[in-house]
Amino acid sequence: MRRRDLILAVAVIVSGCSGLMSRESPAPVTNVGNAVLTTTTISVNIGESSSSTSLTTSTSTTTSTTIASEPVAIVSPSGVVVPVLTASPSGGWIVGTPCANTATLDSGMPVTHVQVLIDPGHGGDETGAVASSGLRESDLNLDVAERLQRFLEYRGVSTLLTRTDDYRVAIAARGELAQRVEPDVFISIHHNGGPTTPTREPGTLVFHQVASSDSRRLAGLVYEELVTTLSSLDVSYAAGSPPGAVAMLNDSGLDYYGVLRRTDGITSVLSESFFLTNPAEAAVLESGYVREQEAIALGKAILRFMETEDAGTGFLDSRTFEGPGSGTGGIAGCSDPDLL
Ligand SMILES: [Zn+2]
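Quick caveat, the model's predicted, so the values are computed rather than measured.

(A) Structural detail: the overall build of the chain. Within the chain, the regular secondary structure consists of seven helices and 17 strands. When each of the 340 residues of the chain is scored for burial, the buried share is 44%. For the chain, restricting intrachain contacts to residue pairs at least 6 apart in sequence, the fraction spanning at least 24 positions comes to 76%.

(B) Examining the nonpolar core more closely. Counting 76 residues, the largest nonpolar core has Ala73, Ile74, Val116, Ile187, Phe207 and Val222 as its most contacted members. Ranked by residues supplied to this core, first place goes to helix H4 (residues 213-231) with eight residues. Filtering out sequence-adjacent residues up to four positions away, Ile74 remains in contact with Val82, Val84, Trp93, Val95, Leu105, Gly108, Met109, Pro110 and Val111.

(C) View of the environment of Ala239. Tracing the sequence through the fold places Ala239 in strand E13 (residues 238-239). Remark: the alpha-carbon pair of Ala239 and Asn192, spanning 47 residues in sequence, is separated by 9.3 Å.

(D) Looking closely at the environment of Leu161. As for its placement among the helices and strands, Leu161 is situated in strand E9 (residues 159-161). Judged by C-beta crowding, with 24 C-beta atoms within 10 Å, Leu161 ranks as buried. Distance in space between the C-alpha atoms of Leu161 and Gln149 is 7.9 Å, their sequence separation being twelve residues. Ignoring any residue separated from it by four or fewer positions in sequence, one finds Leu161 in contact with Val81, Ile118, Pro120, Ala145 and Gln149.

(E) Spotlight on the pairing of strand E12 (residues 205-208). A two-sided burial pattern is seen for E12, the buried positions comprising Leu205 and Phe207 on one face and Val206 and His208 on the other. Here E12 pairs with strand E14 (residues 244-246) via three bridges, running parallel. Bridge assignment links Val206 to a residue of E14, and that residue is Ala245. Pairing of E12 with strand E16 (residues 268-275) involves four bridges; the strand directions are antiparallel.

(F) Just the confidence of the model for the chain, in detail. Per-residue pLDDT for the chain has a mean of 85; in total, 80% of the residues score no lower than 70. Here residues 1-68 is a poorly scored stretch, pLDDT under 50, and it has 87 contacts once near neighbours within four places are set aside; other chains count.

(G) Broad picture of the sheet that holds strand E8 (residues 116-120). Pairing is mixed in the open sheet, where six strands are placed in the order E9-E8-E10-E16-E12-E14. Every other strand in the sheet has two partners, leaving E9 and E14 as the edge strands with one partner each. Taking the axes of each pair of neighbouring strands and ignoring which way they run, one obtains an average angle of 20° across the sheet.

(H) Summary view of the sheet that holds strand E6 (residues 102-105). Pairing is antiparallel across the open sheet formed by five strands, whose spatial order is E6-E5-E4-E3-E7. Lying at the two open borders of the sheet, with one neighbouring strand each, are E6 and strand E7 (109-111). Taken over all neighbouring pairs, the strand axes of this sheet differ in orientation by 40° on average, direction set aside.

(I) Highlighting the packing of H4 against helix H7 (residues 288-307). One way to put it is that H4 packs onto H7 with a least axis distance of 8 Å and a crossing angle of 145°. In the crossing of H4 with H7, the sense of the turn from one axis to the other is right-handed. Counting all contacts with H4, which are made through Arg217, Leu218, Leu221, Val222, Glu225, Leu226 and Thr229, the residues of H7 involved are Gln293, Glu294, Ala297, Leu298, Lys300, Ala301, Arg304 and Phe305.

(J) Here's a closer look at helix H3 (residues 171-181). The buried fraction of H3 amounts to eight of the eleven residues, a majority that puts the element mostly inside the structure. Regarding H3, the residues found buried are Ile171, Ala173, Arg174, Gly175, Glu176, Leu177, Ala178 and Val181. Of the residues flanking the end of H3, it is Glu182, one or two places downstream, whose phi is positive at about 50°.

(K) Broad picture of the pairing of E8. For E8, a buried count of five out of five residues is recorded, marking the element as mostly surrounded by other parts of the structure. Burial along E8 is two-sided: Val116, Ile118 and Pro120 facing one way and Leu117 and Asp119 facing the other are all buried. In the classification by handedness, the crossover that spans E8, the intervening helix H2 (residues 137-154) and the parallel E9 is right-handed. Here E8 runs beside strand E10 (residues 185-192); their pairing, made up of five bridges, is parallel. By the bridge assignment, Val116 is partnered in E10 with Val185.

(L) Just the packing of H2 against H7, in detail. Axis separation between H2 and H7 bottoms out at 8 Å; the angle between their running directions is 50°. Here H2 lies oblique to H7, going by the angle between them. In this structure, H2 meets H7 at a crossing whose hand is right-handed. Together, Asp143, Val144, Arg147, Leu148, Phe151 and Leu152 of H2 and Arg291, Glu292, Glu294, Ala295, Ile296, Leu298, Gly299 and Ile302 of H7 make up the contact between the two elements. Within the contact of H2 with H7, the residues separate by chemical class into eight nonpolar, one polar and five charged.

Rules behind the numbers
Residues numbered from 1 in each chain as written. Predicted model: local features only at pLDDT ≥ 70, side-chain atom pairs only at ≥ 80, totals over all residues. Helix = DSSP H or I, 4+ residues; strand = E, 2+ residues; numbered from the N terminus. Buried ≥ 20, exposed ≤ 12 C-beta atoms within 10 Å, placed from the backbone. Contact = placed C-beta atoms within 7 Å. Core = buried A, V, L, I, M, F, W, Y, C linked by C-beta atoms within 7 Å. Pairing = 2+ DSSP bridges. pLDDT = per-residue confidence, 0-100. Axes fitted to C-alpha atoms, helices over the stretch in contact; angles between N-to-C directions. Left-handed = near helix turned anticlockwise from the far one by under 90°. Right-handed = clockwise from strand over helix to strand, strands pointing away. Parallel < 35°, antiparallel > 145°, perpendicular 65-115°, else oblique. Nonpolar A, V, L, I, M, F, W, Y, C, P; charged D, E, K, R; others polar.

Following this line, the structure appears as structure tokens:
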């Protein structure tokens, strides 16, 4: 395991106990339960009067119990997150890989439950947008995703990343992982590219699933929090199209973006917060402070979605995608990272 992955894995274990359970074989997960409360009475002397007062304390001991919770994903020894397809007859798990192949793993950290699945867009030789400064969208997406993960885990929300380093992950594999994990929220983190014109307001776009009112509400909350945060920064913004929370459709009337289409049944949104092709926006994104503010905005929106009935803002009529797609996200030319 590379050092960076080890650090990440350890961080996840420490902070994400609700989502990850560490074990080495596919035997049923052992969990702590059935707390046994014992009471002890201690006599203490208070002050000079030497009168005695009883102080009652409680200590709890625990017994182990077995719960029937099979892993839905594994964090491989090298830190790659993969969905569990089935238990392997020879031991271990048969998993899906980032390039949508299958592999057998007999070690790694099983994941049994995740509330928020965070999807850093692109990776490997699919960099996404690239700023004139050289800042790559794939690197930025991962950094913001990791900051969002820390924000949510600190607040007791279990999370998992679809990509943990700089490697390709096919759209099909992201969808497979989401369908196995069945999170409460799936959020795909991107930064926009393409031609823009200067605007007073941030050109933020948040895409939702056309057929899901929950996805639409989440997108409205993400848009609201992002625009509040971005508007507080001193930046000359630009937009490629009217900003807002919107469904982008293909010619068949389905969600154009694969990560929203392949996560059918899961509340999913795709965030395009800043335009990397606007040099002024790319410049502020060099700052860890600005990336942290973006991640906090995403996290606050997710918490509001889970804890309130807030409606969100910025809703636009659905659009149909025009022009050629990026042609990326497929399995052609995809090379799987080392899982061990
Ligand atoms: Zn992107």
